[in-house]
Amino acid sequence: MVKRMTALAAVLLVCCLMVATAGEKKRYAFIFKSTGNPFGEKLMEGFKTAIEESGAEAILRAPDLPTAEAQIMIIEELIAQNVDGIGLAANDPDALQPVLRKAMRQEIPIVTADSATNPESRLVHINQADPELIGRVQIQAAYDMAGGKGDIAILSATSQATNQNTWIEWMKKELELPKYKDMKLVKVAYGDDLRDKSTSETEALLKTFPDLKVIIAPTTVGIAAAGKVLTDKNLKGKVFLTGLGLPSEMADYIKNGVCPWMYLWNPIDLGYLAGYALVGASDGIMTGTIGEYINAGKLSAKTVVSAGDGGTEIMLGAPFKFDPENIDQWKDVY
Ligand code: RAM
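Residues numbered from 1 in each chain as written. Predicted model: local features only at pLDDT ≥ 70, side-chain atom pairs only at ≥ 80, totals over all residues. Heavy atoms only, no water.

Quick look at the sheet that holds strand 8 (residues 212-217)
- As summarised here, the arrangement of the 4 strands in space is 7-6-8-9, forming an open sheet in which the pairing is parallel. The two strands at the open ends of the sheet, each matched to only one other strand, are strand 7 (183-190) and strand 9 (240-243). Neighbouring strand axes in the sheet, compared pairwise and without regard to direction, differ in orientation by 25 degrees on average.
- Strand direction decides the pairing type here: strand 8 and strand 9, joined by 4 bridges, are parallel. Across the sheet, the residue bridging to I215 is L241, located in strand 9.
- Along the sheet face, helix 6 (residues 162-175) touches strand 6 (150-156), strand 7 and strand 8 and points at about 170 degrees away from the line of strand 6.
- Along the sheet face, helix 7 (residues 195-208) touches strand 6, strand 7 and strand 8 and points at about 145 degrees away from the line of strand 7. (Pairing = 2+ DSSP bridges. Helix = DSSP H or I, 4+ residues; strand = E, 2+ residues; numbered from the N terminus. Axes fitted to C-alpha atoms, helices over the stretch in contact; angles between N-to-C directions. Contact = heavy atoms within 4.5 Å.)

Some remarks on the pattern of salt bridges
- Within the structure shown, the criterion is met by 15 salt bridges.
- Notably, a salt bridge pairs E174 with R136, separated by 2.8 Å at the nearest N-O pair. Remark: R136 occurs in helix 5 (residues 131-146) and E174 occurs in helix 6; sequence separation between them is 38 residues.
- Salt-bridge contacts for K197 lead to D192; the nearest nitrogen and oxygen are separated by 3.3 Å.
- Taking relative accessible area as the criterion, K197 reaches 29% and is therefore assigned partly exposed.
- Three or more residues are tied together by salt bridges with common partners; here these are E132, R136 and E174. (Salt bridge = Lys/Arg side-chain N within 4 Å of Asp/Glu carboxyl O. Buried < 20%, exposed > 50% of the residue type's maximum accessible area, 1.4 Å probe, protein only.)

Overview of helix 5
- Between the first and last C-alpha of helix 5 there are 23 Å, a value that for 16 residues agrees with the 22 Å anticipated at 1.5 Å per step.
- All buried positions along helix 5 are accounted for by P131, I134, G135, V137, Q138, I139, A141, A142, M145 and A146.
- Looking at where helix 5 begins, the residue whose side-chain oxygen comes 3.1 Å from the main-chain nitrogen of E132 is D130.
- G147 occupies a position one or two residues after helix 5 and carries a positive phi of about 65 degrees. (Expected span 1.5 Å × (residues − 1). Polar contact = N/O pair within 3.5 Å; in protein donor to acceptor, adjacent residues only side chain to side chain.)

This is the structure:
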């Protein structure tokens, strides 16, 4: 009798567990570089849409400051919560490796987007556009704006950001071409994707290099801060601004001529693609192997290709040029 009751209890327990598991939604997290960055908010909006389209729940996180240490703490929490996958824009290529490998050992897939880790710390990277093109096009813009002559300064994000550092390497390679013999890169400054620091770094550049001709800011936070400083100081036509900016934040500076043109890609689509890649990874459909196809919802199928760092990636598209002609069509989108 006792034996029969124990068996019945065991069967009931298994049934309860099965019902609970069937009803439980999968949970996928995305960690951006830091809070207060509208680019990151748009990226996470796209991620959330993709995750919800798969019937799962999205957890959106970002540390107050763009450091690897702060992201490590969040990743530890997410491992403890046993989430079904983690996407992130990494604040450092190598420093996150131990915690990300720990996650992967616990079968939590890792996908990076926007800013990659080293290949050992991820399954696949979601790349916004060809880094060589992103880098070269910004120097070409500076050349055209300055008439081929003068000093250039770069106002970047953090000194450890993989994405900005890769683009800056390509900018330096472009500058080696003979056509740039009368242009000089005088400084790379770091505004850390913080509005105040980006503002004070812009002011410092103007003070230290009074003959500065162009500021290139390959960060949406930096370019918006520089646009405000140059506008407030009435430097339109004296110091040109270009780089990577959000149309919603840059429309005024594109229209007032401080930033004649700039580039970017769709951050919502970038996050959306990361969401689909992560769901595919959790379902075992996407293993990050070259040649694999993933279903990316409204973006159709995307292929895994080899990345410049020896790992693999999925490419979103090409950088898009924003200028006075088209900025009004985009400023309310992102
Ligand atoms: C900032 C961030 C982000 C970068 C964009 C262009 O918002 O640094 O990582 O991709 O700029």
